[in-house]
Amino acid sequence: MSTLTTPAPAATAPPLRVGPHTVAPPVVLAPMAGITNAPFRTLCREFSGGKGLFVSEMITTRALVERNEKTMQLIHFDATETPRSIQLYGVDPVTVGKAVRMIAEEGLADHIDLNFGCPVPKVTRKGGGSALPYKRNLLRAIVREAVTGAGDLPVTMKMRKGIDDDHLTFLDAGRIAVEEGVTAVALHGRTTAQHYGGTADWDAIARLKEHVPEIPVLGNGDIWCAEDALRMVRETGCDGVVVGRGCLGRPWLFADLVAAFEGRTGSFARPALREVADVMVRHATLLGEWIGDEARGVIDFRKHVAWYLKGFAVGSEMRKRLAITSSLEALRAGLDELDLDQPWPAGADGPRGRTSGNNRVVLPDGWLKDPYDCAGPGEDAELDTSGG
């Protein structure tokens, strides 16, 4: 893969400790529904040289306990993945506890991350994801059950600033995490209402770091290139970074992140379209092998096409054609018709993925009346499928 050589700043963060695991450099792939499955994690890990932490997409605790077929596939890890990291979503302490004990007793993973950051309405309307930390006692009960059930497995948690600017929760949630034995916390510097719009509030990450000095704090939000990651650590004092949308259609970003944090003279990836096309075909191939069906793998890959081609001169008709392919042969043939000698386009390192913001937050009736006194969501709040 072609590279652009630039001087890189010296390393700004020591290795991250997640229980018995050392993550060096302190770079984590953010769990993303429908994205961070085993094939995508494989690509990112290959580009990083096996360095970093790569977390599964969201696994629903009820679905795991019930051994839902789709969920059991989602928790499949490649033999080379270590540590194996699962992110769990749950709203009921008892169910979360059962799921965590299942993981620990059956050796299904080496690390558990709790999802308190998902902003999508189908999750928040049931009191889950980024809505849940508002109910401090419920949050504490879930975290306590998870840490107790995990035994020797480290438990971390990911969250947002709060529901909106009038209902911030991240400082209280961070303190609860420390008191209940969580190993590390990650903060996305946006509220639920912001969704993925606007600018991430890195000052909030710095405030959380000051508030909970006992455990590592990871920053998340608006990391589009390696330089952004280093700047976040310098400006906030956080102990590492969690990278989500910045790596969509760009798994080689993890090679850049490793180089930057290791303080090496930057050999940052700037692939020509030919190299991007090769990665696209490999990604689709891995999906087909993972699913067990080439056509379904290519169909699942369709969502990635626009991200991989961002900034390249590819006509709208060809983009549409590539986005409806259902075989590796058709995907490769379409890509071969492009001008594959195009260099990495200027500006392609910038924002990608969802950018919607200022959404109305959908919550259970009366959710905001009392941040402490709450019976918790009903039984139907536990989703019976995983993956977002």
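Before reading on, note that the structure itself is shown above.
This structure is a prediction, so every number in the text was calculated from the model and none was measured.

So, about the packing of aromatic side chains. Counted by the stated rule, this structure contains 6 aromatic pairs. Aromatic pair Phe-301 and Tyr-308: ring centres 5.8 Å apart, planes at 35°, arrangement tilted. Through pairs of rings, three or more aromatic residues link up here, namely Phe-47, Trp-252, Phe-301, Tyr-308, Phe-312 and Trp-344. The ring of Trp-367 is capped by Lys-135, whose NZ or CZ atom sits 5.2 Å from the centre of that ring.

With that settled, consider empty space enclosed by the protein. Following the criterion strictly, the structure yields 3 cavities of 30 Å³ or more and no others. Counted as a void, the largest cavity has a volume near 130 Å³. In this structure, the largest cavity is lined by 16 residues; those nearest its centre are Val-28, His-111, Asp-113, Thr-156 and Leu-218. Looking at the lining of the largest cavity, the elements with two or more residues in it are β2 (16-18), β5 (53-60), β7 (111-116), β8 (155-160) and β9 (184-188). Here the residues of the lining of the largest cavity sort into 12 nonpolar, 2 polar and 2 charged. Put simply, the second largest cavity is a space of about 40 Å³. Lining the second largest cavity we find Arg-45, Gly-52, Leu-53, Phe-54, Glu-81, Thr-82 and Pro-83. Looking at the lining of the second largest cavity residue by residue, the class counts come to 3 nonpolar, 2 polar and 2 charged.

Let us now look at the nonpolar core. Of all hydrophobic cores here, the largest spans 114 residues; its most connected members are Leu-88 and Met-157. Counting residues per element, this core draws most heavily on helix α11 (residues 273-291), which supplies 11 residues. When residues no more than four places from it in sequence are discounted, the contact partners of Leu-88 are Ile-59, Thr-61, Leu-64, Ala-99, Val-100, Ile-103, Ile-112, Asp-113, Leu-114 and Asn-115. Judged by nonpolar contacts, the second largest core, of 10 residues, contains Leu-16, Val-28, Leu-53 and Ala-186.

This next bit is on helix α7 (residues 170-179). For α7, a buried count of 7 out of 10 residues is recorded, marking the element as mostly surrounded by other parts of the structure. Where α7 is concerned, the buried positions are Phe-170, Leu-171, Ala-173, Gly-174, Ile-176, Ala-177 and Val-178. Where the residues of α7 are buried, they touch α6 (136-150), β8, β9 and α8 (202-211). Taken from the residues just after α7, Gly-181 is the one with a positive phi, measuring 95°.

Over the atoms a probe the size of a water molecule is rolled, and this reveals where empty space is left. What the largest pocket holds in volume is close to 430 Å³. Forming the boundary of the largest pocket are 29 residues, of which Pro-31, Met-32, Lys-158, Tyr-196 and Arg-354 lie nearest the centre. Elements that contribute at least two residues to the lining of the largest pocket include exactly β8 and β11 (240-243). The residue inventory of the lining of the largest pocket, partitioned by class, reads 13 nonpolar, 9 polar and 7 charged.

What follows covers helix α1 (residues 38-48). Summarising burial for α1: 9 of the 11 residues are buried, a large majority. Taken residue by residue, α1 has Ala-38, Pro-39, Phe-40, Arg-41, Thr-42, Leu-43, Cys-44, Arg-45 and Ser-48 as its buried positions. Where the residues of α1 are buried, they touch β4 (27-29), β5, α10 (253-261), α11 and α13 (305-308). Downstream of α1 by a residue or two, Gly-49 has a phi angle that is positive, lying close to 75°.

To continue, consider the pairing of β11. Judged by which residues are buried, β11 turns out to be covered on both faces: Gly-240 and Val-242 on one side and Val-241 and Val-243 on the other are all buried. As paired elements, β4 and β11 share 3 bridges and run parallel to each other. Among the inter-strand pairings, Leu-29 is bridged to a residue of β11, identified as Val-243. Relative to β11, strand β10 (residues 217-220) runs parallel, the two being bridged by 3 bridges. Within β11, the residue paired with Leu-218 across the bridge is Gly-240. In this region the chain leaves β10, passes through helix α9 (residues 226-236) and returns to the parallel neighbour β11; the handedness of that crossover is right-handed.

Here Leu-74 is to be found in helix α3 (residues 69-74). The exposure class of Leu-74 is buried, given its relative accessible area of 5%. In the structure, Leu-74 is positioned 37 residues away from Asn-37 in sequence and 6.6 Å away in space, judged by C-alpha atoms.

Basis of the calculations
Residues numbered from 1 in each chain as written. Predicted model: local features only at pLDDT ≥ 70, side-chain atom pairs only at ≥ 80, totals over all residues. Heavy atoms only, no water. Phe/Tyr/Trp six-rings, centres within 6.5 Å; stacked < 30°, edge-to-face > 60°. Lys NZ or Arg CZ within 6 Å of the ring centre and 35° of its normal. 1 Å grid on protein atoms, 1.4 Å probe; cavity = no way out; pocket = protein on both sides within 12 Å on 5 of 7 lines; lining within 4 Å. Points joined across faces, edges and corners; volume = space filled by probe spheres on them. Helix = DSSP H or I, 4+ residues; strand = E, 2+ residues; numbered from the N terminus. Nonpolar A, V, L, I, M, F, W, Y, C, P; charged D, E, K, R; others polar. Core = buried A, V, L, I, M, F, W, Y, C linked by side-chain atoms within 4.5 Å. Buried < 20%, exposed > 50% of the residue type's maximum accessible area, 1.4 Å probe, protein only. Contact = heavy atoms within 4.5 Å. Pairing = 2+ DSSP bridges. Right-handed = clockwise from strand over helix to strand, strands pointing away.

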